[in-house]
Amino acid sequence: MSLSTTSAAAPSGSKKSYVIIIEDFKDADALSRRLAARPTHLAEATKRRGQGVLVSGGAILDSHESGKMVGSALVVNADSKEEVLELLRTDPYTVGKAWDLDSVKIFPYREANF
């Protein structure tokens, strides 16, 4: 394994990095809504990654054994926390009622250089 000496999450220009934890809604249909929105969500995520906005992202699972998706963890580059919230508001998972925007936690983030 090779460890990079440069930060993969280092934002360009005046952008700042943020780590985001967001839970899915907990009702019985939440996973179905997430799966329905997933193709559009992944297409948007691919676009945002190409733009340098999305650094990393993936599903939070209820357990490794079941693999049931119950939320998401993301690292993004943005000008402000408000810009992060706008990205989340327009994401297909939020629009499709998979993500519970009231559960979101956004933290300033700096990736370690090692």
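Residues numbered from 1 in each chain as written. Predicted model: local features only at pLDDT ≥ 70, side-chain atom pairs only at ≥ 80, totals over all residues. Heavy atoms only, no water.

## Concerning helix 2 (residues 81-90)
For step 1, the next point in the chain: Along helix 2, the residues that are buried comprise Val84, Leu87 and Leu88. Around the axis of helix 2, the buried residues are gathered within 95° of arc, so they sit on the same side.
For step 2, the next point in the chain: Elements that come into contact with the buried residues of helix 2 comprise strand 1 (16-23), helix 1 (30-50), strand 3 (69-78), helix 3 (92-95) and strand 4 (105-109). (Buried < 20%, exposed > 50% of the residue type's maximum accessible area, 1.4 Å probe, protein only. Helix = DSSP H or I, 4+ residues; strand = E, 2+ residues; numbered from the N terminus. Arc of directions from axis to C-beta. Contact = heavy atoms within 4.5 Å.)

## As for the nonpolar core
For step 1, the next point in the chain: Within the largest apolar cluster, 16 residues are counted, with the highest numbers of intra-cluster contacts made by Ile20, Leu74, Val76, Val84, Leu88 and Ile106.
For step 2, the next point in the chain: Elements that contribute at least two residues to this core include exactly strand 1, helix 1, strand 3 and helix 2.
For step 3, the next point in the chain: Beyond its immediate stretch of four places on either side in the chain, leucine 74 contacts Tyr18, Val19, Ile20, Leu54, Ser56, Gly57, Leu88 and Trp99. (Core = buried A, V, L, I, M, F, W, Y, C linked by side-chain atoms within 4.5 Å.)

## Things to note about the layout of surface pockets
For step 1, the next point in the chain: Looking at the largest pocket, its volume works out to about 330 Å³.
For step 2, the next point in the chain: Along the walls of the largest pocket sit 26 residues, with His41, Ala45, Leu54, Gly57 and Leu74 positioned nearest its centre.
For step 3, the next point in the chain: Those elements that place two or more of their residues in the lining of the largest pocket are helix 1, strand 2 (54-61), strand 3 and helix 2.
For step 4, the next point in the chain: It is helix 1 that provides the largest number of residues to the lining of the largest pocket, a total of eight residues.
For step 5, the next point in the chain: The residue makeup of the lining of the largest pocket, split by class, is 15 nonpolar, five polar and six charged. (1 Å grid on protein atoms, 1.4 Å probe; cavity = no way out; pocket = protein on both sides within 12 Å on 5 of 7 lines; lining within 4 Å. Points joined across faces, edges and corners; volume = space filled by probe spheres on them. Nonpolar A, V, L, I, M, F, W, Y, C, P; charged D, E, K, R; others polar.)

## Thoughts on the confidence of the model for the protein
For step 1, the next point in the chain: On average, residues of the protein carry a pLDDT of 91, and 89% of them reach 70 or more.
For step 2, the next point in the chain: Counted against residues more than four places away or in other chains, residues 1-8, with its pLDDT under 50, gives nine contacts. (pLDDT = per-residue confidence, 0-100.)

## What to know about helix 1
For step 1, the next point in the chain: The terminal C-alpha atoms of helix 1, which comprises 21 residues, lie 28 Å apart, in line with the 30 Å expected from a rise of 1.5 Å per residue.
For step 2, the next point in the chain: Of all the bends in helix 1, the greatest reaches close to 50° and is centred on arginine 38; the proline proline 39 follows between one and four positions later.
For step 3, the next point in the chain: For helix 1, the full list of buried residues reads Ala30, Arg34, Ala37, His41, Ala45 and Arg48.
For step 4, the next point in the chain: Of the surrounding secondary structure, the elements contacted by the buried residues of helix 1 are strand 2, strand 3, helix 2 and helix 3.
For step 5, the next point in the chain: Just downstream of helix 1 lies glycine 52, where phi reads positive at about 80°. (Expected span 1.5 Å × (residues − 1). Bend = angle between axes of the 7 residues up to and from the residue.)

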